[in-house]
Amino acid sequence: MEIYLEKQQITSVIDALKSKNRTIGIVPTMGALHEGHLQLVKKALADNDKVVVSIFVNPTQFDNDEDLVKYPRTLDRDVALLETVSKTDILVYSPSVDDIYGGNTVSQEFDFDGLEFEMEGKFRHGHFDGVGTIVKRFFDIVKPHNGYFGEKDFQQLAIIKKLVEKYEIPVKIIGCKIHREANGLAMSSRNTRLKPEYKAVAPFIYKTLITAKEKFGTKSATKVMEWVEKQFAKHDLLELEYFIIADAKTLKPIKRKLNKKAYRAFIAVYADDIRLIDNIALN
Ligand code: PAF
């Protein structure tokens, strides 16, 4: 499998592929790949001739230096995993910080019509400017036809859709369902850092979302939120950061349910010092 470390290398390969009318998909990742990423890559391979998997731990989207330092970096293992999917049609782009930021490691400032101020935006200052900056840069470098993102980061997916709309970037954004462990825990690169006792209790997050969904059928959003807060207040190991029921389009927390609107519940939980997020469609 070809691994490209510099943008000049990947752009010349992409130019050659495009001159032969090949379709290109991109799956942006920060590495530490798991089955959830592989599902995105498989979907991208089904839709495109070639798929670029970027592996880059993007410093500008971290608001916490320790989290950035501790983020798992496992390039050899990632490449081996990707080779189990395809040895011929995946191009790995794993640039250095300098290759991407050229000595100026700062985010561009974006206006995502308010989507950036909800949930993760409230708790991770500057996060979505960092995500917007890196994803826009990858789109500029790779010029893919299609981009694949997981629904686990549902707010990120909404923001990337907004990014391509506002900047008229000709990339089709495809959202893919959350991939879960057999016990329901949403797959995440952060799961590898969970100590065993936290790994054992982490499926409680998804279990709570399922019950919240059932309750939302008959109860108000406020009542469901109160119920979830109580469940975590009683929990010895997991600490709730937020649970929000929001309009699935605007991502704004709802005051009351309206017919014909799609709603989604979003949750962020600390398991020790590991922050886990998840979400579920409510109707
Ligand atoms: O979802 C992620 O892993 C990252 O936010 C992304 C989209 C690769 C940008 O760094």
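Our subject is the structure listed above.
Just so you know, the residues in each chain are numbered from 1, in the order the chain's sequence is written. Local features in a predicted model are, by the rule used here, given only for residues with pLDDT of at least 70; side-chain atom pairs are given and counted only at 80 or more, and totals for whole chains, interfaces and linings are based on all residues. Computation of side-chain values: all heavy atoms of the structure, hydrogens and water removed.

K.L.:
Outline the pairing of strand 7 (residues 238-247), supporting the account with residue identities and numerical values.
P.N.:
Taken across its 10 residues, strand 7 has seven buried, putting it largely inside the fold. As judged from the nine bridges shared by strand 7 and strand 8 (residues 263-271), these two strands associate in the antiparallel manner. Bridging across to strand 8, Ile244 finds its partner in Phe266. Buried, partly exposed and exposed residues are distinguished by accessible area as a fraction of the type maximum, computed with a 1.4 Å probe on protein chains only: under 20%, between the cut-offs, and over 50%, respectively. Helix and strand definitions follow DSSP, with helices as H or I runs of at least four residues and strands as E runs of at least two, each counted in order from the N terminus. When DSSP locates at least two bridges between a pair of strands, those strands are taken to pair.

K.L.:
Please set out the site of the ligand residue by residue, giving values where relevant.
P.N.:
Note on definitions. A residue lies near a molecule or strand when any single heavy atom of the residue is within 4 Å of it. Taken together, Pro28, Thr29, Met30, Asn58, Gln61, Ile134, Asp153 and Gln156 make up the full set of residues near the ligand. Surface exposure here means Shrake-Rupley accessible area, sampled with a 1.4 Å probe, where a residue is shielded only by the protein chains that are shown. For the ligand, whose accessible area on its own is 290 Å², the fraction buried by protein is 89%. Taken together, the residues of the shell around the ligand sort by class into three nonpolar, four polar and one charged. Note that Gly is not counted as nonpolar here; it falls among the polar residues with everything else outside the nonpolar set of Ala, Val, Leu, Ile, Met, Phe, Trp, Tyr, Cys and Pro and the charged set of Asp, Glu, Lys and Arg.

K.L.:
Quick rundown of the side chain of Lys152? Include the residues and the values.
P.N.:
Within the secondary structure, Lys152 sits in the loop between strand 5 (146-150) and helix 8 (154-166). Assessed through its relative accessible area of 15%, Lys152 is described here as buried.

K.L.:
I'd like a rundown of a positive patch on the surface, residues and numbers included.
P.N.:
Like charges within 9 Å and nonpolar side chains (Val, Leu, Ile, Met, Phe, Trp, Tyr) within 5 Å are joined into patches, using only residues over 30% in relative accessible area that form no salt bridge. Any Lys or Arg side-chain nitrogen located within 4 Å of an Asp or Glu carboxyl oxygen qualifies as a salt bridge. When charges are counted, Lys and Arg are positive and Asp and Glu negative, with His and the chain ends excluded. By convention, charge coordinates are those of NZ in Lys, CZ in Arg, CG in Asp, or CD in Glu. A grouping of Lys219, Lys223, Lys230 and Lys234 is seen on the molecular surface, where their side chains present a positively charged patch. With respect to the element layout, Lys223 can be found in helix 11 (residues 221-233).

K.L.:
Quick one: what's the story with the packing of helix 10 (residues 204-216) against helix 11, residue by residue and with numbers?
P.N.:
Packed helices, taken two at a time, are described by the angle between their axes plus the distance between the axes. Orientation is described by lines fitted to C-alpha atoms, with helices fitted over the stretch in contact, and by angles between N-to-C directions that extend from 0 to 180 degrees. Between helix 10 and helix 11, the shortest axis-to-axis distance is 10 Å and the interhelical angle comes to 155 degrees. The orientation of helix 10 with respect to helix 11, classified from their angle, is roughly antiparallel. Note on packing geometry: the crossing formed by helix 10 with helix 11 is right-handed. Counted together, Phe204, Ile205, Thr208, Thr211, Ala212, Lys215 and Phe216 of helix 10 and Ala221, Val224, Trp227, Val228, Gln231 and Phe232 of helix 11 form the full contact between these two elements. Convention used here: angles under 35 degrees read as roughly parallel, angles over 145 as roughly antiparallel, angles from 65 to 115 as roughly perpendicular, and any remaining angle as oblique. Two helices cross in a left-handed way if the nearer one is turned anticlockwise from the farther one by less than a right angle. They cross in a right-handed way if the turn is clockwise. When checking whether two residues touch, look at their non-hydrogen atoms; a contact exists if any pair is within 4.5 Å.

K.L.:
Before we move on, can you summarise helix 8 with the specific residues and values?
P.N.:
Note on helix geometry: an α-helix contains 3.6 residues per turn, so any two residues three or four positions apart are oriented the same way. Expected helix span is computed as 1.5 Å times (number of residues minus one). Here helix 8 contains 13 residues, and its C-alpha end-to-end distance of 18 Å stays within 8% of the 18 Å for a straight helix at 1.5 Å per residue. For helix 8, the buried fraction is high: 10 of the 13 residues fall into the buried class. Among the residues of helix 8, those classed as buried are Phe154, Gln155, Gln156, Leu157, Ala158, Ile159, Ile160, Lys162, Leu163 and Val164. On its buried face, helix 8 sits against helix 6 (120-123), helix 7 (127-142), strand 5, strand 6 (172-176), strand 8 and strand 9 (274-281). Within two residues after helix 8, Glu168 carries a phi angle of roughly 50 degrees, on the positive side.

K.L.:
I'd like a rundown of the pairing of strand 4 (residues 90-93), residues and numbers included.
P.N.:
The alternating pattern of strand 4 places Ile90 and Val92 and Leu91 and Tyr93 on opposite faces, both of which are buried. In terms of strand pairing, strand 1 (residues 2-4) meets strand 4 through three bridges, oriented parallel. For Tyr4, the partnering residue across the bridge sits in strand 4 and is Tyr93.

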